[in-house]
Amino acid sequence: MDFRKPLRPRHLWTVSLLLGIGLFLFALISLTTPAQAAPSHQDDKPSNDFCLACHQEEGVDLTLGNESLPVTINPTQFGLSVHGEEGIACVDCHSNISDYPHPDVKVKNVRDFTLGFLDTCKECHEEQYNKAHNSVHQIAFDEGNKNAAVCMDCHNPHTQSRLTGKTSGELTASARLHIPETCAQCHSTIYDQYKTSVHGNALTEEGNTDVPTCIDCHGVHDIQDPTTVSFRNSTPFLCANCHTDAEIMDKYKISTNVLNSYVADFHGTTVKLFEEEFPGQPTNKPVCTDCHGVHNISKVDDPTTGIALKDNLLEKCQRCHPDATSNFPDAWMSHYEPSPENFPLVYYVNLFYKFFIPAVLGGMIIFIITDIYRRIINRVKGVKHS
């Protein structure tokens, strides 16, 4: 074929058609084939878009020894997280990454990879970091338990939503609702007890944020060992944080006198004395959890376990008083103040003594005063006292 000769119209049409088909196929392949390489190198600190160009792809994994770590990040979830809202860049936490390909990862399992970021959180959350290092979790970690909870086990840095109000600083209602689920990742057995209790059922099933959740009793970052004597002895005052709060208790027609009535009886007086004078000394006197339960607290009128029922209460009493008979629980007034409706005999005896004691003491005082007065008068008159 002589290329110096002009193409005939039929040949020109054929070449144009082939070129068009080729361009179409190239465009189609370009659009449907995912990019395999990262964006070109950035001279400045890499932006989140630079990182997400690869990390938003589904199924991106990092192989660590025999384990695989998913490293796909959902851009929407990250954007809605507190870190996304605050404009935290990926490389603020992953400070060893500035380009692609990334540096080789030396650790051989997912847990060690996670633990490599322990000090990263401290850069922004120093107060919480220091408290966590004074917790039962940190003690377990220092003793060699690598599975003890660290920051990232409770707070996923890529999806963690805001926990406290920007202006109030108080825990949000949404955050309270999800706290038990977070703790359940490690404490599933306790969570199963809690979610069926009077507190847990109200929170998890009804969305009632008035009831206590895990952190109200155990603390947030500086969680202490709940098996210590000091923790047990302070239980009544821990429960009183809510049960003496009229703003909460009045909604449910629950008496706020539970602490006073407990401290006033023999059991409570002894526990209070030990807590104040010997906080590290054990006492066999019952605290709230001995009668009501710990994580499995039920309603007092529950037919199976409620201690408002005499048979159920007797079973509790017999743990400390094995010889207790069926009338033994009648000696306890169930946190009630004596009244004409509740324990009327005790009420009227108390009422009698409210008048009787002042009358006796008042009569004695009057007698003594009049006797002194008569002695003074007699002495002035020179009359000898017989």
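Remember, it's a predicted structure, so these values are computed and weren't measured experimentally. (Residues numbered from 1 in each chain as written. Predicted model: local features only at pLDDT ≥ 70, side-chain atom pairs only at ≥ 80, totals over all residues. Heavy atoms only, no water.)

### As for the overall build of the protein chain
When helices and strands are counted, the protein chain shows 21 helices and two strands. Within the protein chain, residue pairs in contact and separated by at least 24 positions form 49% of the contacts whose partners lie at least 6 positions apart. As presented, the protein chain carries roughly 27,200 Å² of accessible surface, and 59% of it is formed by carbon and sulfur atoms. (Helix = DSSP H or I, 4+ residues; strand = E, 2+ residues; numbered from the N terminus. Contact = heavy atoms within 4.5 Å. Areas by Shrake-Rupley, 256 points an atom, 1.4 Å probe, with all protein chains shown as cover.)

### Focus: the pairing of strand E1 (residues 61–64)
Look at any regular strand and the pattern is simple: side chains alternate between the two faces of the sheet. The pairing of E1 with strand E2 (residues 67–70) spans four bridges and is antiparallel. By the bridge assignment for E2, aspartate 61 is matched with proline 70. Hairpin connection from E1 to E2: two residues lie between these consecutive antiparallel strands, with glycine 65 at a positive phi of about 65°. (Pairing = 2+ DSSP bridges.)

### Quick word on helix H21 (residues 344–381)
Helix length check: H21, at 38 residues, gives a terminal C-alpha distance of 55 Å against a target of 56 Å (1.5 Å per residue), a fit within 8%. Following H21 by one or two positions, glycine 382 has its phi on the positive side, about 80°. (Expected span 1.5 Å × (residues − 1).)

### Some words on the nonpolar core
Ranked by size, the top nonpolar core spans five residues in total: Leu115, Phe117, Leu118, Val150 and Met152. Setting aside chain neighbours within four positions, we find phenylalanine 117 in contact with Cys93, His94 and Met152. (Core = buried A, V, L, I, M, F, W, Y, C linked by side-chain atoms within 4.5 Å. Buried < 20%, exposed > 50% of the residue type's maximum accessible area, 1.4 Å probe, protein only.)

### Focus: the confidence of the model for the protein chain
Looking at the protein chain as a whole, the pLDDT averages 87, with 88% of positions reaching at least 70. At the low end of the mean pLDDT range in the protein chain sits helix H1 (residues 9–32), at 55; at the high end sits helix H11 (residues 188–194), at 96. (pLDDT = per-residue confidence, 0-100.)

### Describing the pattern of salt bridges
Across all of its chains, the model carries twelve salt bridges by this definition. A salt bridge links aspartate 330 to lysine 310; the shortest N-O distance between them is 3.3 Å. In this pair, aspartate 330 sits in the loop between helix H20 (310–317) and H21 while lysine 310 sits in helix H20, placing the two residues 20 residues apart along the sequence. In this structure, aspartate 371 and arginine 375 form a salt bridge, with 3.0 Å as the shortest nitrogen-oxygen distance. You can see aspartate 371 and its partner arginine 375 sitting in helix H21, four residues apart, about one turn around the helix. Residue classification places arginine 375 among the partly exposed positions, given a relative accessible area of 42%. Each of the salt bridges in this network shares a partner with another, and the network as a whole consists of Glu85, Glu86 and Arg162. (Salt bridge = Lys/Arg side-chain N within 4 Å of Asp/Glu carboxyl O.)

### Quick notes on the side chain of asparagine 48
Inspection of the secondary structure assignment puts asparagine 48 in helix H2 (residues 48–55). Residue contacts for asparagine 48: discarding those within four places in its chain leaves Phe78, Ile88, Ala89 and Cys90.

### Focus on the packing of aromatic side chains
Both the distance between ring centres and the angle between the ring planes are used here to describe each pair of aromatic rings. Summed over the entire model, instances satisfying the criterion amount to six aromatic pairs. Summarising the aromatic geometry, the rings of phenylalanine 113 and phenylalanine 117 are spaced 5.4 Å apart at their centres and angled 65° between planes, so their arrangement reads as edge-to-face. (Phe/Tyr/Trp six-rings, centres within 6.5 Å; stacked < 30°, edge-to-face > 60°.)

### Side note on helix H10 (residues 173–184)
Residues of H10 that are buried: Ala175, Arg176, Ile179, Pro180 and Ala184. Lining the buried residues of H10 we find H11, helix H12 (198–204) and helix H13 (214–218).

### Topic: the state of the cysteines
Going through the model one piece at a time under the given rule, you end up with zero disulfides. With no disulfide of its own, cysteine 214 has cysteine 183 as its nearest cysteine by sulfur position, at a separation of 3.8 Å. Here cysteine 317 is not cross-linked by a disulfide; its sulfur's nearest cysteine counterpart is in cysteine 291, at 6.8 Å. (Disulfide = S-S within 2.5 Å.)

### Focus on unusual backbone geometry
Residue proline 101 is reached from tyrosine 100 by a cis peptide bond, and omega for that bond is 0°. By the secondary structure assignment, proline 101 is in the loop between helix H5 (90–93) and helix H6 (110–115). Of note in the backbone geometry, lysine 253 takes a positive phi value of approximately 55° without being a glycine. Mapped onto the elements, lysine 253 comes out in the loop between helix H16 (246–249) and helix H17 (258–264).

### Considerations on the environment of alanine 324
Within the secondary structure, alanine 324 is located in the loop between H20 and H21. Alanine 324 gets classed as buried once you look at its relative accessible area, which sits at 10%. Separated by ten residues in sequence, alanine 324 and leucine 314 have C-alpha atoms that sit 7.5 Å apart. Residues contacting alanine 324, with those up to four places away along its chain left out, are Leu314 and Gln318.

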